[in-house]
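So the chains spell out like this:
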Amino acid sequence: MSLQNEEVEVIIKVKRFSPEKGNWWQEYKLRVDRFTQFTEALRRIKTEQDPTLAYRASCHMTVCGSCGMKINGEPRLACKTLVLDMVKKYESNVITIEPMDYFKPIKDLIVDLDDFYQRMYKVKPRLYPSEQVLKGEAEHRLKPEDQRMLWKFAQCIWCGLCVSSCPSVRNDPEFLGPAAHAKGFRFLADPRDTITEEREKILLDSAWRCTYCYMCYNVCPRDVEPVTAIKKTRAYTKIAKVKTPVIETGEKHTEAVFNSIFESGKIEEAKVYLSTYGLIGSLRDMIFLLKSGKLNYALIKEKPVENITEVRKILRGE
């Protein structure tokens, strides 16, 4: 099928919601061309077919972050996604649109983002300059190398896609979430900011609760790489004055992984687990693995890689 110069009829199935009726699917047919974004498709559905359909959209150019939703199950910005791109990718003219996961639905594709904004404001998302700067007695300047490093993390548009796809947010209420960490690190690493110690207290414990699944990396429409911000935030642990049990466990895990690779060239999971959680903690979890029939996987004996000296040179930075 040529998609270059023709209109194609597609069926868009929207997962709708109302507090009174709950969830239901509704289908809409319309013709689109290769320039039709999903925000345009939804606008046409609303104006031409069904004025009761509710969704958020504003800038239509990946700036405002208001049109986050799931398209064929993928967390995406509707304004940045072309309808025919999804037709081509999935080889189907039937496309599903759903509200973002995790957030409570309000109506159709509109979700309650209060939880998201609360997470963002917890990290104090603004610069706190010195008293001299506030009084006009001094001027802070940002070096080009610092600006280049911070620029990426300042590009967050608060769309919520990363939080909606993050498993740690669902499982750990103390985890601030990827977007808040990207925003928090943007100011933690800014040399003009004056509340570094307070930011460390807010961010460090939470940073060690991330599982590095990289979902935030995959879904971010602005390539902010929140997981990179979390990794960089963890580096501040070395200078932190206060360390929570979560931070201490994270440091043990990092050291155990390094030692395992240094000794064998591989991550020997049983050894790493024992070094991280201690004998009692490991025995407790071994009982769980035994009951679930997964203990054999934990006790696999790894063979050291050949030429381990080369691996050790890399780890020593030689």
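Since the model is a prediction, treat every value here as computed from it, not as a measurement.

### Structural notes on the overall build of the protein
Line of reasoning, step 1. When you go through the protein residue by residue, the secondary structure sums to 15 helices and seven strands.
Line of reasoning, step 2. For the protein, the spread of C-alpha atoms along the three principal axes comes to 65 × 65 × 45 Å.
Line of reasoning, step 3. The buried share of the protein, reckoned over its 318 residues, is 41%.
Line of reasoning, step 4. The long-range fraction of contacts in the protein, counting pairs at least 24 apart against all pairs at least 6 apart in sequence, stands at 64%.

### As for helix H9 (residues 196–207)
Each α-helix winds once per 3.6 residues, and so residues spaced three or four apart point in a common direction.
Line of reasoning, step 1. Relative to the 16 Å expected for twelve residues at 1.5 Å per residue, H9 spans 15 Å between its end C-alpha atoms, a close match to the ideal helical length.
Line of reasoning, step 2. Those residues of H9 not exposed but buried are Arg-199, Glu-200, Leu-203, Leu-204, Asp-205, Ser-206 and Ala-207.
Line of reasoning, step 3. In this structure, the buried residues of H9 make contact with helix H8 (178–188), helix H11 (226–234) and helix H12 (245–264).

### Section: the packing of aromatic side chains
Line of reasoning, step 1. Enumeration according to the criterion identifies eleven aromatic pairs in this entry.
Line of reasoning, step 2. Taking 5.9 Å as the distance between ring centres and 35° as the angle between the ring planes, the aromatic pair formed by Tyr-117 and Trp-158 counts as tilted. Residue Tyr-117 is located in helix H3 (residues 114–122), and its partner Trp-158 is located in the loop between helix H5 (144–151) and helix H6 (161–164); the two are separated by 41 residues in the primary sequence.
Line of reasoning, step 3. Since its relative accessible area comes to 19%, Trp-158 is described here as buried.
Line of reasoning, step 4. Centroid distance Tyr-121 to Trp-158: 5.7 Å. Interplanar angle 65°. Geometry classified as edge-to-face.

### Quick notes on the sheet that holds strand S5 (residues 94–98)
Two strands in a sheet stick together by hydrogen bonds in their backbones, pointing the same way (parallel) or opposite ways (antiparallel).
Line of reasoning, step 1. The five strands lie next to each other as S2-S1-S5-S3-S4, forming an open sheet whose pairing is mixed. The strands lining the two open edges of the sheet, one partner per strand, are strand S2 (22–32) and strand S4 (74–77). Ignoring which end each strand starts from, the neighbouring axes of this sheet average 30° apart.
Line of reasoning, step 2. Here four bridges tie strand S3 (residues 68–71) to S4, and the two strands are oriented antiparallel to one another. Following the sheet pairing, Gly-68 is matched in S4 by Leu-77.

### Some remarks on empty space enclosed by the protein
Line of reasoning, step 1. Tallying each qualifying case throughout the model produces three cavities of 30 Å³ or more.
Line of reasoning, step 2. If you add up the space inside the largest cavity, you get close to 100 Å³.
Line of reasoning, step 3. Breaking the lining of the largest cavity down by element, the ones donating at least two residues are H6 and H8.
Line of reasoning, step 4. Each residue belonging to the lining of the largest cavity can be placed in one class, and the counts come to twelve nonpolar, two polar and one charged.

### Quick word on the domain arrangement of the protein
Line of reasoning, step 1. Each assigned domain of the protein is listed here: domain 1 (8–110), domain 2 (112–239) and domain 3 (245–316).
Line of reasoning, step 2. The centre of domain 1, based on its C-alpha atoms, is set 30 Å off from the matching centre of domain 2.
Line of reasoning, step 3. Of the residues lining the interface, 18 residues belong to domain 1; the matching set on domain 2 comes to 18 residues.
Line of reasoning, step 4. Taking both sides of the interface into account, the surface hidden between domain 1 and domain 2 amounts to around 1400 Å²; carbon and sulfur atoms contribute 64%.
Line of reasoning, step 5. Per-residue buried area on domain 1 facing domain 2 is highest for Pro-75, Tyr-102 and Phe-103; these three make up 42% of the total on that side.
Line of reasoning, step 6. We note a salt bridge from Arg-170 to Asp-101, for which the minimum N-O separation is 4.0 Å.
Line of reasoning, step 7. Taken together, the connections running from domain 1 to domain 2 amount to five residue pairs in polar contact (both at pLDDT 80 or more).
Line of reasoning, step 8. A total of three residues in the side of domain 1 that touches domain 2 trace back to one element, the largest contributor, which is S4.
Line of reasoning, step 9. For the side of domain 1 that touches domain 2, the residue count by class is ten nonpolar, three polar and five charged.

How each quantity is defined
- Throughout this document, residue positions are counted from 1 along each chain, in the order its sequence is written.
- Totals for whole chains, interfaces and linings use all residues, but because this is a predicted model, local features are given only for residues with pLDDT of at least 70 and pairs of side-chain atoms are given and counted only at 80 or more.
- Side-chain figures throughout are based on the complete set of non-hydrogen atoms in the structure, without hydrogens or water.
- Here a helix means four or more residues in a row that DSSP labels H or I, a strand means two or more in a row labelled E, and each is numbered from the N terminus.
- The buried label applies to any residue whose accessible area, calculated with a 1.4 Å probe on protein chains only, is under 20% of its type's maximum; exposed applies above 50%, and partly exposed to all values in between.
- A contact between two residues is defined here by any heavy atoms of the two lying within 4.5 Å.
- Under the convention used throughout, the expected extent of a helix is 1.5 Å for every residue step, that is, one less than its residue count.
- Note on aromatic contacts: the rings of Phe and Tyr and the six-membered ring of Trp form a pair at centre separations within 6.5 Å, being stacked when their planes are under 30 degrees apart, edge-to-face when over 60 apart, and tilted otherwise.
- A pair of strands counts as paired when DSSP detects no fewer than two bridges linking them.
- In this analysis an axis means a line fitted to C-alpha atoms, helices contributing only their contacting stretch, and an angle means the value between N-to-C directions, from 0 to 180 degrees.
- Definitions used for this entry: grid spacing 1 Å over protein atoms alone; cavity, a set of points where a 1.4 Å probe fits but cannot get out; pocket, an open set with protein on both sides within 12 Å along at least 5 of 7 lines; lining residue, one with an atom within 4 Å of a point.
- Grid points are joined across faces, edges and corners, and a volume is the space filled by probe spheres set on the points.
- Just so you know the grouping, Ala, Val, Leu, Ile, Met, Phe, Trp, Tyr, Cys and Pro go in nonpolar, Asp, Glu, Lys and Arg go in charged, and all remaining residues, Gly too, go in polar.
- In this entry, domain limits derive from an automatic or database-based domain assignment.
- A simple way to read buried area is as the amount of 1.4 Å-probe accessible surface that goes missing from two parts once joined, with both sides added.
- Salt bridges are defined by distance alone: a side-chain nitrogen of Lys or Arg within 4 Å of a carboxyl oxygen of Asp or Glu.
- Under this definition, polar contacts are N or O atom pairs within 3.5 Å; protein pairs additionally need one hydrogen-donor-capable and one acceptor-capable atom, and for neighbouring residues in sequence, both atoms have to be side-chain atoms.

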